[in-house]
Amino acid sequence: MASFNRVILVGNLTRDIDLKYTGGGMAVTEIGLAVNDRRKNQQGEWIEETTFVDVTLWGRTAEVAGEYLSKGSPVLIEGRLKLDTWEKDGQKRSKLHVTCERMQMLSGRGEGGGGGGGGGGARRPARTGGGAGGGNSNQGNRGGGDEYGGAPAYDDDIPF
């Protein structure tokens, strides 16, 4: 049976970027993303629900995020779900997070902070990740990442 693992999220960063590097020199950061949902309950009242998602960015995407994004910045993330499991104090633990394969900034430089807003204007968001000719630093270096330029195939030297 075929399977499909794709996630697309739009939300705001919950904290500033903490860019780190693996022993091999690969940039990595884990961001928190707050995704809001507004819907009506059974009584017809509007309720707000926020879901917090951890997202891991690798390579040039992580570096661009560190340079241009800060707490509150709106961003679109496309990637895949990944389940990490480990044992601590004899207890098995697990964590579901998103491994980013493409990131789209949704505001211009220095415009983080707020909650959206409108805006016509000719501003064009920056784009990183796996598009054709689009700054994918892993292009041609298949040993360091997956086919989309995302996470490398090893996790043993992650600094956090």
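To be clear, the structure that these remarks concern was listed above.
An account of the accompanying structure is given in this report. (Residues numbered from 1 in each chain as written. Predicted model: local features only at pLDDT ≥ 70, side-chain atom pairs only at ≥ 80, totals over all residues. Heavy atoms only, no water.)

**Things to note about the pairing of strand β5 (residues 74-88)**
Now for step 1: Two elements, strand β1 (residues 7-13) and β5, share 6 bridges in a ladder whose sense is antiparallel. Residue pairing across strands places I8 opposite E78, the latter belonging to β5.
Now for step 2: Two successive antiparallel strands, β5 and strand β6 (residues 91-105), enclose a turn made up of 2 residues, where D89 displays a positive phi of approximately 55 degrees. (Pairing = 2+ DSSP bridges. Helix = DSSP H or I, 4+ residues; strand = E, 2+ residues; numbered from the N terminus.)

**As for the pattern of salt bridges**
Now for step 1: In total, this model carries 12 salt bridges according to the counting rule given.
Now for step 2: D18 is the partner of K20 in a salt bridge, and the nearest nitrogen-oxygen pair spans 3.7 Å.
Now for step 3: Among the ionic pairs, R60 bridges to E63, the shortest N-O distance being 3.5 Å. One end of the pair, R60, and the other, E63, are both in helix α1 (residues 59-68), 3 residues apart, so they sit about a helical turn from each other. (Salt bridge = Lys/Arg side-chain N within 4 Å of Asp/Glu carboxyl O.)

**Regarding the side chain of Q104**
Now for step 1: Take Q104: it is sitting in strand β6.
Now for step 2: At a separation of 3.2 Å, a polar atom in the side chain of Q104 contacts the side chain of R102. (Polar contact = N/O pair within 3.5 Å; in protein donor to acceptor, adjacent residues only side chain to side chain.)

**A closer look at the pairing of strand β4 (residues 46-58)**
Now for step 1: Sheet topology note: the strand β3 (residues 27-40)/β4 ladder contains 13 bridges and is antiparallel. Residue R38 lies in a different strand from β4, and its bridge partner there is E48.
Now for step 2: Pairing analysis gives 2 bridges linking β4 to β6, with the strands arranged parallel. Bridging from a neighbouring strand, T56 pairs with T99 of β6.

**What to know about a nonpolar patch on the surface**
Now for step 1: Residues L81, L83 and L96 make up a contiguous nonpolar surface patch of about 290 Å² in total accessible area.
Now for step 2: Tracing the backbone shows L83 in strand β5.
Now for step 3: Assessed through its relative accessible area of 52%, L83 is described here as exposed. (Patch = residues over 30% accessible without salt bridge, like charges linked within 9 Å, V, L, I, M, F, W, Y side chains within 5 Å. Areas by Shrake-Rupley, 256 points an atom, 1.4 Å probe, with all protein chains shown as cover. Buried < 20%, exposed > 50% of the residue type's maximum accessible area, 1.4 Å probe, protein only.)

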